[in-house]
Amino acid sequence: MKVVADTIAPKTGQANMPDYDTARADFSWEEVEKSFSWHETGKVNMAHEAIDRHAETWRRNKVALYYSDDERDEKYTFQDMKFLSNKFGNVLRSIGTEKGDRVFLFLSRSPELYTSLLGTLKIGAITGPLFEAFMEQAVRDRLENSEASVLITSPSLIDRVPYNELPHLENIILVGDGDAPEDGDVKFFRYEQEMEKNSRDLNIEWVDREDGMILHYTSGSTGKPKGVLHVHNAMIQQYQTAKWIMDLKEDDIYWCTADPGWVTGTSYGIFGPWLNGVSNLVRGGRFSPEDWYGTIEKYQVSVWLSAPTAFRKLMGAGDEAVKKFDLSSLRHVLSVGEPLNAEVIHWGMDVYNRRIHDHWWMTETGGVIIANYPAMPMKPGSMGKPFPGVEAAILDEEGNELPPGQMGKLCIKSGWPSMLRTVWNNEERFKKYFPFEGWFDSDDLASRDEDGYFWFEGRDDDVITTSGERVGPFEVESKLVEHPSVAEAAVIGKPDPVRGHIIKAFVALKDGYTRSDELEQELSSFVKKGLAAHAAPREMEIRDFLPKTRSGKIMRRVLKAWELDEPAGDLSTMEK
Ligand code: 6R9
């Protein structure tokens, strides 16, 4: 049960979304649909709505994409994006690609990644973006399961593609210079040559709203990754959530730091901003506090979306780093992917003088489900409230709704616009998401308070039963992060003959702190005093870093497997 001492009021100012209760009372998805220039035939295409629609208005010369990495610094207008994606659509057609085919991307972040993803959608094919860092097994699993016929990759990555062992793979398009084998059972093409040959005019494929658009693989804790399928209809939710939650406005420079290999990097790194006609910044390269703050300063970023792991690292880097840069362009800051510790929000108020808006969703939901809204009072540590037009509830094991304050399954009333439509080649797995009639089960545990705010407790698998009490790992981790020495923390349950489980904490320290028995003792009693005796870690391990996914989630199941000497399961998404 949460006791919340503080709330943070919104900044007065113009937010796109009216106050929460009004927005909820008046909401209808049918109204949102009217924002789109649905084609007269009743057909649609995501890439048309995101790019071409704006290229047909005064926005044609507006910058759609600012791209920069250590070598490149480029701008593309909506018109440029239209022509480039048209060309790529023609390239795909010229090699025989058809509507419904799976066209996968295994590329580092680059303008070519974005234009080829859009070109793929324009011909009605299904796109599948992969993390550049994947090794051979991860690439193989995804290409095998999706039966992709086309892969867009680069000479530097081709060694990790077992193309001769993938019977469905027919064509490989190589982006950039460099030697590549270019032999075997597949046909190889050079991106630059093919783009040169093809026209910038394209007859777009008008598709049904329910036609497949994108496949995102999410790693299960064991076994093979699941291919979550989204359809073009997802645009309705991605458009409206980006408008209200990211609060996107005409003059914004929007920066989402997520890679398109993660759903955040497509729903809110591509579709959300461009459906709203907003200038979108993509920054390649690796994370460093100086580089990130420098990027905000240089591009005058006004809306910034990142993940808790990044904010915790920025916090660990100290306030001095912030002071070296002019961050005054920032209007709105957001975080997603993991619970955002209250401590980080308070720090954000101190150093950025901005609230960091936490919001919750999953690959399977396609768009945001629960959020802190720009005009709503924020309770630090809470995920906020369900999006207007979406119903979320806390259910028990039988599917009955639980009263406020109780921890249970976080479920969503089925039928929101961007809901997954299937798990590719695995209808059985898809059905498992719906254990109770009409409800999607997220497999997260959460509670709702008297005011309707939702509080994340942990993944269902991660919640710890110790001495008969159920403890959400996040609560303990957040308490640990409040301690001045702690940069990041992860807690797991370790089997114990007396208590069922004991709590074991893994902690990464901030710069300038070193491990000692006294410090471990102190951290344990810090949790005991701040939370409860049963929540205090009985074992502690200070580590240089914690294992994480490429989207920055702490992998508790991996820590647990290492601890118990058990197989760690699928590690393809783990950051090396
Ligand atoms: C968008 C995304 C989904 C899982 C989800 C939950 C965790 C995401 C969160 C959060 C607490 C938040 N999660 N946002 N937990 N607070 N604001 O992350 O998709 O990679 O599929 O992960 O991430 O456990 O179930 P995905």
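Residues numbered from 1 in each chain as written. Predicted model: local features only at pLDDT ≥ 70, side-chain atom pairs only at ≥ 80, totals over all residues. Heavy atoms only, no water.

Participant: Tell me about the overall build of the chain, residues and numbers included.
Facilitator: Per the secondary structure count, the chain includes 17 helices and 26 strands. If one aligns the C-alpha atoms of the chain with their principal axes, the spans along those axes are about 70 × 55 × 50 Å. Here the chain holds 576 residues, and the buried ones make up 61% of them. Long-range pairs, those at least 24 residues apart, make up 68% of the contacts in the chain with a sequence separation of at least 6. In the structure as shown, the chain presents an accessible area of about 22,900 Å², 45% of it carried by carbon and sulfur atoms. Side-chain charges in the chain split into 68 positive and 94 negative, and the spacing between the mean points of these groups amounts to 2 Å. (Helix = DSSP H or I, 4+ residues; strand = E, 2+ residues; numbered from the N terminus. Buried < 20%, exposed > 50% of the residue type's maximum accessible area, 1.4 Å probe, protein only. Contact = heavy atoms within 4.5 Å. Areas by Shrake-Rupley, 256 points an atom, 1.4 Å probe, with all protein chains shown as cover. Lys, Arg positive; Asp, Glu negative; His and termini not counted. Charge placed at Lys NZ, Arg CZ, Asp CG, Glu CD.)

Participant: Provide a residue-level description of the UniProt feature "domain: AMP-binding enzyme C-terminal" (unreviewed entry) in the chain, including the pertinent values.
Facilitator: As recorded in UniProt, the feature "domain: AMP-binding enzyme C-terminal" (unreviewed entry) lies at residues 475-553. End C-alpha to end C-alpha, residues 475-553 measures 16 Å, and it is 28% helix and 32% strand. (UniProt positions renumbered as here; feature names shortened; annotations may be inferred.)

Participant: Could you give an account of the site of the ligand, naming the residues involved and the relevant values?
Facilitator: In the region of the ligand, 18 residues are neighbours, and Asp-358, His-359, Thr-363, Asp-444 and Lys-553 sit closest. Contact between the ligand and Asp-358: a nitrogen atom at 2.7 Å from a side-chain N or O atom of the residue. Take Thr-363: an N or O atom from its side chain is 2.5 Å from an oxygen atom of the ligand. For the ligand, the protein covers 93% of the area, taking 530 Å² as the surface of the free molecule. Elements represented by at least two residues in the shell around the ligand include exactly helix 9 (263-275), strand 14 (356-360) and strand 21 (454-459). Counting residues per element, the shell around the ligand draws most heavily on strand 14, which supplies three residues. (Near = heavy atom within 4 Å. Polar contact = N/O pair within 3.5 Å; in protein donor to acceptor, adjacent residues only side chain to side chain.)

Participant: Report on the domain arrangement of the chain, specifying residues and quantitative values.
Facilitator: Here the domain parsing of the chain yields domain 1 (20-447) and domain 2 (462-564). Domain 1 and domain 2 are separated by 32 Å when their C-alpha centres are compared. Tallying the contact residues gives 20 residues for domain 1 and 19 residues for domain 2. Here domain 1 meets domain 2 over a buried area of about 1,700 Å², counting both sides, of which 58% is carbon and sulfur. Between the two partners, domain 1 and domain 2, sit one salt bridge. (Domains from an automatic or database assignment. Buried area = accessible area lost by both parts, 1.4 Å probe. Salt bridge = Lys/Arg side-chain N within 4 Å of Asp/Glu carboxyl O.)

Participant: An account of the packing of helix 3 (residues 46-55) against helix 9 is needed here, citing residue identities and associated values.
Facilitator: Two elements in contact, helix 3 and helix 9, have axes whose closest approach is 9 Å; the angle formed by their N-to-C orientations is 50 degrees. Here helix 9 runs oblique to helix 3, going by the angle between their axes. Here the hand of the crossing between helix 3 and helix 9 comes out left-handed. Mapping the contact onto sequence places Met-46, Glu-49, Ala-50, Ile-51, Arg-53 and His-54 in helix 3 and Phe-271, Trp-274 and Leu-275 in helix 9. (Axes fitted to C-alpha atoms, helices over the stretch in contact; angles between N-to-C directions. Parallel < 35°, antiparallel > 145°, perpendicular 65-115°, else oblique. Left-handed = near helix turned anticlockwise from the far one by under 90°.)

Participant: So what about helix 9? Which residues, and what values?
Facilitator: Residues lying three or four places apart along an α-helix face the same way, a consequence of the helix completing one turn every 3.6 residues. Counting buried residues along helix 9, 13 of its 13 residues qualify, which places the element largely inside the surrounding structure. Taken from the residues just after helix 9, Gly-277 is the one with a positive phi, measuring 70 degrees.

Participant: Please give an account of the environment of Phe-104 that cites residues and values.
Facilitator: Assignment of secondary structure puts Phe-104 in strand 3 (residues 102-106). Its relative accessible area of 0% is what places Phe-104 among the buried residues. Considering only alpha carbons, one finds Phe-104 and Gly-128, 24 residues apart in sequence, at a separation of 4.4 Å. Every residue in contact with Phe-104, bar those within four places of it in the chain, is listed here: Gly-128, Leu-130, Arg-142, Leu-143, Ser-146, Ala-148, Val-150, Leu-151, Ile-152, Leu-215 and Tyr-217.

Participant: Any chance you could break down the pairing of strand 10 (residues 253-256) for me, citing the residues and the numbers?
Facilitator: Burial along strand 10 is two-sided: Ile-253 and Trp-255 facing one way and Tyr-254 and Cys-256 facing the other are all buried. Here strand 10 pairs with strand 11 (residues 279-283) via three bridges, running parallel. Residue pairing in the sheet places Tyr-254 in a bridge with Asn-280 of strand 11. On the question of chirality, the crossover connecting strand 10 to the parallel strand 11 by way of helix 9 is right-handed. Two elements, strand 10 and strand 12 (residues 303-306), share three bridges in a ladder whose sense is parallel. The residue bridging Trp-255 from the neighbouring strand is Trp-304, located in strand 12. (Pairing = 2+ DSSP bridges. Right-handed = clockwise from strand over helix to strand, strands pointing away.)

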